[in-house]
Amino acid sequence: MFQSMKNLSYIYFQKFQYCSYAPHVRKCKPNSDGLSSFEDLLASVILRVSVWVMAFVTCFGNLFVIGMRTLIRAENNLHAFCIKVLCCADCLMGIYLFFVGIFDVKFRGEYNKNAHVWMESLECRTIGFMAMLSTEVSVMLLTYLTLEKFLVIVFPLSHLRPGKNQTFIILAVIWLIGITIAAVPLLNDELFGNYYGRNGVCFPLHSERVEKPTAKGYSTGIFLGLNLVAFLIIVISYSSMFYSIYKTGINATDLRSRLHKDVAVANRFFFIVFSDALCWIPIFLVKILSLLEVEIPGTITSWVVIFILPINSALNPILYTLTTSFFREQVELMLCQWQRHSALKKERKCLSSSAIDIENSRRPYCTRDFVPRTSILNFKGNFT
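Bear in mind that the values here come from a model prediction, so they are computed numbers and not experimental data.

*Asks:* Help me understand the environment of Leu191 in this model?
*Replies:* Residue placement: Leu191 occurs in helix H6 (residues 189–192). The exposure class assigned to Leu191 is partly exposed, which follows from its relative accessible area of 41%. As for Leu191 and Pro213, which are separated by 22 residues in sequence, their C-alpha atoms are 8.1 Å apart. Residues contacting Leu191, with those up to four places away along its chain left out, are Lys212, Thr214 and Ala215.

*Asks:* When you look at the pattern of salt bridges in this model, what are you seeing that I'm missing?
*Replies:* Between side chains of opposite charge, a pair can form when the charged atoms approach closely. Applying the stated criterion across every chain yields a total of 5 salt bridges. A salt bridge links Arg48 to Asp40, with the shortest nitrogen-to-oxygen separation between them at 2.6 Å. The class of Asp40 is buried, set by a relative accessible area of 9%. Glu120 serves as the salt-bridge partner of Arg125, at 3.8 Å between the closest nitrogen and oxygen. Note on Arg125: relative accessible area 16%, which makes it buried. Residues participating in the shared-partner salt-bridge network are Asp40, Arg48, Asp104 and Arg108.

*Asks:* Can you walk me through the environment of Ala182 in this structure?
*Replies:* Turning to its location among the elements, Ala182 is positioned in helix H5 (residues 164–187). In sequence terms Ala182 and Met130 are 52 residues apart; their C-alpha atoms lie 7.7 Å from each other. Apart from residues lying up to four places away in sequence, Ala182 is in contact with Phe129, Met132, Leu133 and Tyr196.

*Asks:* Would you mind showing me how to read the packing of aromatic side chains here?
*Replies:* Between two aromatic rings, the relevant description is the distance of the centres plus the angle of the planes. As enumerated under the stated definition, the model contains 15 aromatic pairs in all. Between the aromatic rings of Phe81 and Phe168, the centroid separation amounts to 5.2 Å while the plane-to-plane angle is 70°, which identifies the pairing as edge-to-face. With Phe81 in helix H2 (residues 77–106) and Phe168 in helix H5, this residue pair connects regions lying 87 residues apart in the sequence. Of the aromatic side chains, those joined through ring pairs into one cluster are Phe103, Phe107, Tyr111 and Trp118. The lysine or arginine in question, Arg198, covers the ring of Tyr195, its NZ or CZ lying 5.5 Å from the ring centre.

*Asks:* Just to check I follow, could you spell out a nonpolar patch on the surface for this structure?
*Replies:* Taken together, Val45, Val49, Val53, Phe56, Val57, Phe60 and Phe64 make up a surface patch of nonpolar side chains, about 650 Å² in accessible area. Within the secondary structure, Phe56 sits in helix H1 (residues 45–71).

*Asks:* Explain H5 to me, please; I cannot follow it from the model alone.
*Replies:* Residue pairs spaced three or four apart in an α-helix point in one direction, given the helix's 3.6 residues per turn. End to end, H5 covers 34 Å across 24 residues, agreeing with the expected 34 Å (1.5 Å per residue, within 8%). Within H5, the axis deviates most sharply at Ile181, by approximately 25°, and proline Pro185 lies no more than four positions further along. Residues of H5 that are buried: Thr167, Leu171, Ile174, Gly178, Ile181, Ala182 and Pro185.

Basis of the calculations
- Residues numbered from 1 in each chain as written.
- Predicted model: local features only at pLDDT ≥ 70, side-chain atom pairs only at ≥ 80, totals over all residues.
- Heavy atoms only, no water.
- Helix = DSSP H or I, 4+ residues; strand = E, 2+ residues; numbered from the N terminus.
- Buried < 20%, exposed > 50% of the residue type's maximum accessible area, 1.4 Å probe, protein only.
- Contact = heavy atoms within 4.5 Å.
- Salt bridge = Lys/Arg side-chain N within 4 Å of Asp/Glu carboxyl O.
- Phe/Tyr/Trp six-rings, centres within 6.5 Å; stacked < 30°, edge-to-face > 60°.
- Lys NZ or Arg CZ within 6 Å of the ring centre and 35° of its normal.
- Patch = residues over 30% accessible without salt bridge, like charges linked within 9 Å, V, L, I, M, F, W, Y side chains within 5 Å.
- Areas by Shrake-Rupley, 256 points an atom, 1.4 Å probe, with all protein chains shown as cover.
- Expected span 1.5 Å × (residues − 1).
- Bend = angle between axes of the 7 residues up to and from the residue.

The quantities given are spatial measurements derived from coordinates; they are silent on function.
Written as structure tokens, this is what we have:
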């Protein structure tokens with residue numbers, strides 16, 4: 001309808017997203033939804049800078065943890081493997097933010113001309129799939145790790161620890177469930193519509209009136225069903241763990257020695273859960289308000305997607321690896337060995353240079369007392 005209106009220069013819509021249906025119109029109001037603007041995918045300079053900073057911090061932190069966990073000998077190899085798998089899931093969030101920043105640069109100054117094509121594109125659906133996969137796998141992995149520690153601490157004398165094969169099967173199932181959750185909306189456009197392309201950052205955070213009922217129910221089931229249940233399981237499990245520790249007092253010395261490491265891990269994971277609460281409570285509130293048809297400013301959406309949602313992925317490496325006493329001890333040991341190796345190498349170099357100096361200092365003495373071979377032969381000849 002708008003394409004045939006070649007002379008249309010000004011238009012006013014109820015929502016900014018509708019401006020993408022009239023890309024040739026020079027002036028369109030409202031010119032921003034708080035997240036994107038008529039000119040740029042990310043409206044403010046703060047968002048443009050922050051998306052690159054959060055992407056770099058998230059990817060670097062998780063890749064650093066994966067590398068260090070691979071180099072450093074772990075106390076529990078299965079636990080270390082689960083941490084590395086969790087880092088892989090969190091790293092996907094950093095890659096998602098990198099792509100958002102890249103396409104923001106690509107559409108700089110002319111976003112509205114490309115907005116409709118961008119939100120309908122395969123690239124937008126792919127990075128939306130990536131963000132959803134990272135979010136759900138991370139939530140389920142944290143839930144599994146919490147339940148594992150719950151069984152160890154609350155039932156310390158039982159043999160409920162999963163073995164190597166069971167751990168691999170559980171991790172594989174978690175990834176399959178995450179891939180399924182993220183891929184289902186892409187399988188049927190008639191039921192879900194453009195599930196990931198309802199905003200410029202391609203993440204289905206809040207519901208809208210124009211959203212299809214199937215997509216709205218699916219999104220509600222994920223955010224207020226699966227994720228909320230996982231969050232409650234984590235909170236209840238840690239409450240039970242610390243109550244059990246407080247109740248028993250860990251008086252027995254043998255029990256103390258057995259549980260000391262697990263309690264330290266539980267304390268560390270408590271701060272991870274606390275960071276999860278800071279991330280997920282705002283998301284739950286935004287989702288509930290959108291279902292109640294409360295108008296949510298786009299500025300809130302931008303802060304949730306760029307700052308709140310990835311901050312858990314960025315903080316996890318610091319919370320569960322960089323701050324642990326075992327990790328610090330191993331890093332100090334590696335630095336000590338490296339310094340010792342450097343000192344030994346330097347000492348060998350000094351010894352070799354000293355030997356060369358000694359050899360050079362002997363050469364003048366040898367040349368002064370050196371008698372040519374021909375002179376010796378002549379002397380012998382004369383003597384005979």
